[in-house]
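# Analysis of the macromolecular model
Read off the chains here:
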Amino acid sequence: MASQRTATVVIGAGHAGLAMSRCLSERAIDHVLLERGEVANSWRTERWDSLRLLTPNWQSRLPGYGYQGNDPDGYRTVPDVVDFIARYAREIDAPVRTGTTVASVRAECDGYRVATDRGDWRCRTVVLATGACNVPDVPAVAEAVPAGVMTLTPMRYRNPGQLPEGGVLVVGASATGIQLADEIHRSGRPVTLAVGEHIRVPRTYRGRDISWWMDATGVFDERYDQVEDIERARRVPSLQLAGSSGRRTLDLNALTAAGVRLAGRLAGISDGKAQFSGSLRNMCALSDLKMGRLLDSFDAWATERGLDGALGGPARPAPTAVPDSPPLMASLTDRTIRTILWATGFRPDYSWLEVPVLDRKGRLRHDGGVVAAPGMYALGLQFLRRRKSALIDGAGDDARDLSAHLDGYLAGSLAEAGA
Ligand SMILES: Cc1cc2nc3c(=O)[nH]c(=O)nc-3n(C[C@H](O)[C@H](O)[C@H](O)COP(=O)(O)OP(=O)(O)OC[C@H]3O[C@@H](n4cnc5c(N)ncnc54)[C@H](O)[C@@H]3O)c2cc1C
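Residues numbered from 1 in each chain as written. Predicted model: local features only at pLDDT ≥ 70, side-chain atom pairs only at ≥ 80, totals over all residues. Heavy atoms only, no water.

Spanning 14 residues, helix H3 (residues 78–91) covers 20 Å between terminal C-alpha atoms, matching the ideal 20 Å at 1.5 Å per step. Regarding H3, the residues found buried are Val78, Val81, Val82, Phe84, Ile85, Ala86, Tyr88 and Ala89. Lining the buried residues of H3 we find helix H1 (15–26) and helix H2 (41–45). Following H3 by one or two positions, aspartate 93 has its phi on the positive side, about 55°. (Helix = DSSP H or I, 4+ residues; strand = E, 2+ residues; numbered from the N terminus. Expected span 1.5 Å × (residues − 1). Buried < 20%, exposed > 50% of the residue type's maximum accessible area, 1.4 Å probe, protein only. Contact = heavy atoms within 4.5 Å.)

See below:
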């Protein structure tokens, strides 16, 4: 099959690829989006049933597009997110080729060859918008789980009905872990939650959503070249947050009150036993301390701007209540724990990328989304250019910056080629 040509191939038609498409169109850059499923495929196929965005409706802003309903402070369900993104694709008339899986990207003398199951594309520039959460990041100890215990990742989890009756060990207490621990516990299955490093924040503070604070004070806009240790900042776990109609705070205290048993970080599995680290108290104290500092900075910001009168009082969440002697061990063979759910994070998959741009840990080498290969860009990764980069709200600013860079690159490479 003869290859087709375009200036830019965008791989992935989630919100990030679409935001880039809109910016490329504004610059009259010829492009195509290649998508293995439908638009918003990750939301259609990889999320659990009860999930709601943890960012409020007003905070899903894309270039030329935003929330238009009458519930700006609500949190979208998954079908709502799919509708929102699919409508954007139609409104911007994005040139999406759905059902087209990219099998490889290779460098050629004048750009890239993108091979798909529906023929090849040749282009000068490529945008990797394939998402930050393609593969669950399951720790190596998973291999030691005894037969007879069901293991599951959040990508395969849909609802508690999939799980056998009996106890569940949820590993990881960031956004996914706390939400699933809560839901599974409510289904009548006793839950133990293994808690490692986590970022605690209240859902609301002084009458405003925490997202309002992070947005207004500029925390979400903090740039990748302004933080001290960007590698570390890119690995920080997600905020311990959930979106619900009652805007409730779902933290470890709420889970403990509901009857979830807290344990330390899962340190290992041997002889059919899960071993938990003794660090639970320290982990929680550290999270409380960091939350206190963040809220202090919000208070100072509000005072500086004379907003104290307009906001509620600075009531602080109670310190995390840690059991006197959290479990250090749990049997995985006595049938009290029937399921382990790995809420231990996700990572991107670049197995199809045949350009030497990955470091020895398999992470993409890039400078704020400008990948270490000429004419290659990335979008949607953790703290790519800003703290909000992996959120829906972060794609617009990043796409604007990177499309400007890409435009300059195309102009330069055309001039070089004497075109
Ligand atoms: C559980 C969960 C909850 C989240 N909650 C929020 C939230 O509340 N608020 C918020 O702002 N963000 C949230 N996010 C983060 C973020 O918005 C999503 O991860 C979002 O899906 C990322 O958008 P994206 O466009 O970067 O990637 P994706 O939506 O993952 O889109 C990438 C696209 O690339 C396609 N693709 C991948 N590989 C190939 C290939 N080889 N060939 C062709 N196509 C390919 C995929 O099918 C997919 O459609 C959440 C993420 C997760 C995992």
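Right, picking up where we left off after that structure.
Here we take up the site of the ligand. Taken together, 29 residues sit near the ligand, with Glu35, Ser42, Leu54, Thr55 and Ile392 positioned nearest. Between histidine 15 and the ligand, the recorded distance is 3.2 Å, taken from a side-chain N or O atom to an oxygen atom. Within the contact set of the ligand, an oxygen atom lies 3.0 Å away from a side-chain nitrogen or oxygen of arginine 36. When the free accessible area of the ligand is taken as 970 Å², the share hidden by the protein chains comes to 93%. Of all the secondary-structure elements, those providing two or more residues to the shell around the ligand are H1 and H2. Among the elements that take part in the shell around the ligand, H2 stands out by supplying three residues, more than any other. For the shell around the ligand, the per-class residue count stands at 15 nonpolar, 11 polar and three charged. (Near = heavy atom within 4 Å. Polar contact = N/O pair within 3.5 Å; in protein donor to acceptor, adjacent residues only side chain to side chain. Areas by Shrake-Rupley, 256 points an atom, 1.4 Å probe, with all protein chains shown as cover. Nonpolar A, V, L, I, M, F, W, Y, C, P; charged D, E, K, R; others polar.)

Next up on the list: the sheet that holds strand E5 (residues 102–108). With mixed pairing, the four strands of this open sheet are ordered in space as E1-E7-E6-E5. Whereas interior strands pair on both sides, the edge strands pair on one side only; in this sheet they are strand E1 (4–5) and E5. (Pairing = 2+ DSSP bridges.)

Summed over the entire model, instances satisfying the criterion amount to 34 salt bridges. Here glutamate 231 ties to arginine 234 by a salt bridge, and the two come within 3.9 Å at their closest N and O atoms. Taken as a pair, glutamate 231 and arginine 234 lie in helix H6 (residues 230–235) at a separation of three residues, close to a single helical turn. With a closest N to O distance of 3.4 Å, aspartate 359 and arginine 363 form a salt bridge. A relative accessible area of 27% means that aspartate 359 is categorised as partly exposed. (Salt bridge = Lys/Arg side-chain N within 4 Å of Asp/Glu carboxyl O.)

Right, let's get into the nonpolar core. With 86 residues, the main nonpolar core has Val105, Leu128, Leu193, Leu353 and Met376 as its most contacted residues. In terms of residues, this core owes the most to one element, H3, which gives seven residues. With residues up to four places along the chain from it excluded, the contact list for leucine 353 reads Val105, Leu128, Leu364 and Met376. Counting 15 residues, the second-largest nonpolar core is a separate cluster that includes Val145, Ala263, Ile269 and Trp342. (Core = buried A, V, L, I, M, F, W, Y, C linked by side-chain atoms within 4.5 Å.)

With the rule as written, the count across this model stands at zero disulfides. Here cysteine 23 is not cross-linked by a disulfide; its sulfur's nearest cysteine counterpart is in cysteine 123, at 18 Å. Of all cysteine sulfurs, the one in cysteine 123 lies closest to cysteine 109, which takes part in no disulfide; the gap is 13 Å. Exposure remark for cysteine 109: the relative accessible area of 85% places this residue in the exposed category. (Disulfide = S-S within 2.5 Å.)

This paragraph deals with empty space enclosed by the protein. This model, assessed by the stated rule, comprises one cavity of 30 Å³ or more. One number sums up the size of the largest cavity: a volume of about 40 Å³. Every residue lining the largest cavity is listed: Glu197, His198, Ile199, Met283, Leu286, Ser287 and Lys290. Each residue belonging to the lining of the largest cavity can be placed in one class, and the counts come to three nonpolar, two polar and two charged. (1 Å grid on protein atoms, 1.4 Å probe; cavity = no way out; pocket = protein on both sides within 12 Å on 5 of 7 lines; lining within 4 Å. Points joined across faces, edges and corners; volume = space filled by probe spheres on them.)

Counting buried positions over the six residues of strand E21 (residues 337–342) gives five, a clear majority of the element. Here strand E10 (residues 150–152) runs beside E21; their pairing, made up of three bridges, is parallel. Bridge pairing in E21 links methionine 150 to threonine 339. For strand E11 (residues 167–171) and E21, the ladder comprises five bridges, and the chain directions are parallel. When the sheet's bridge partners are listed, glycine 167 is paired in E21 with isoleucine 337.

Here arginine 206 lies in the loop between strand E14 (204–205) and strand E15 (208–209). Here aspartate 299 takes part through its side chain, which lies 3.0 Å from a polar atom of the side chain of arginine 206. One polar contact links arginine 206 to aspartate 308, side chain to side chain, over a distance of 2.9 Å. Sequence-distant contacts of arginine 206, defined by excluding residues within four places in its chain, comprise Trp213, Asp299, Ala302, Asp308, Leu311, Gly312, Gly313 and Pro314.

Next up on the list: the environment of alanine 140. Locating alanine 140 in the fold gives a position in the loop between strand E9 (135–136) and E10. Separated by 125 residues in the primary sequence, alanine 140 and histidine 15 place their C-alpha atoms 32 Å from one another.

So, on to the packing of aromatic side chains. The full count for this structure, using the stated rule, is eight aromatic pairs. On the basis of an interplanar angle of 50° and a centroid distance of 5.6 Å, the ring pair of tyrosine 205 and tryptophan 213 is categorised as tilted. What makes tyrosine 205 buried here is its relative accessible area of 1%. Summarising the aromatic geometry, the rings of tryptophan 213 and tryptophan 301 are spaced 6.1 Å apart at their centres and angled 70° between planes, so their arrangement reads as edge-to-face. Here tryptophan 213, found in helix H5 (residues 210–216), pairs with tryptophan 301, found in helix H8 (residues 280–304); they are 88 residues apart in sequence, far enough to count as distant. (Phe/Tyr/Trp six-rings, centres within 6.5 Å; stacked < 30°, edge-to-face > 60°.)

Here the focus is the sheet that holds strand E18 (residues 266–270). Reading across from one edge, E18-E19-E20 is the order of the three strands in this open sheet, with antiparallel pairing throughout. Of all the strands in the sheet, the pair left with one neighbour each is E18 and strand E20 (329–331). Across the sheet, the axes of successive neighbouring strands diverge by a mean angle of 20°, strand direction being ignored. Here strand E19 (residues 273–276) runs beside E20; their pairing, made up of three bridges, is antiparallel. Note on E20: the bridge partner recorded for glutamine 275 is methionine 329. (Axes fitted to C-alpha atoms, helices over the stretch in contact; angles between N-to-C directions.)

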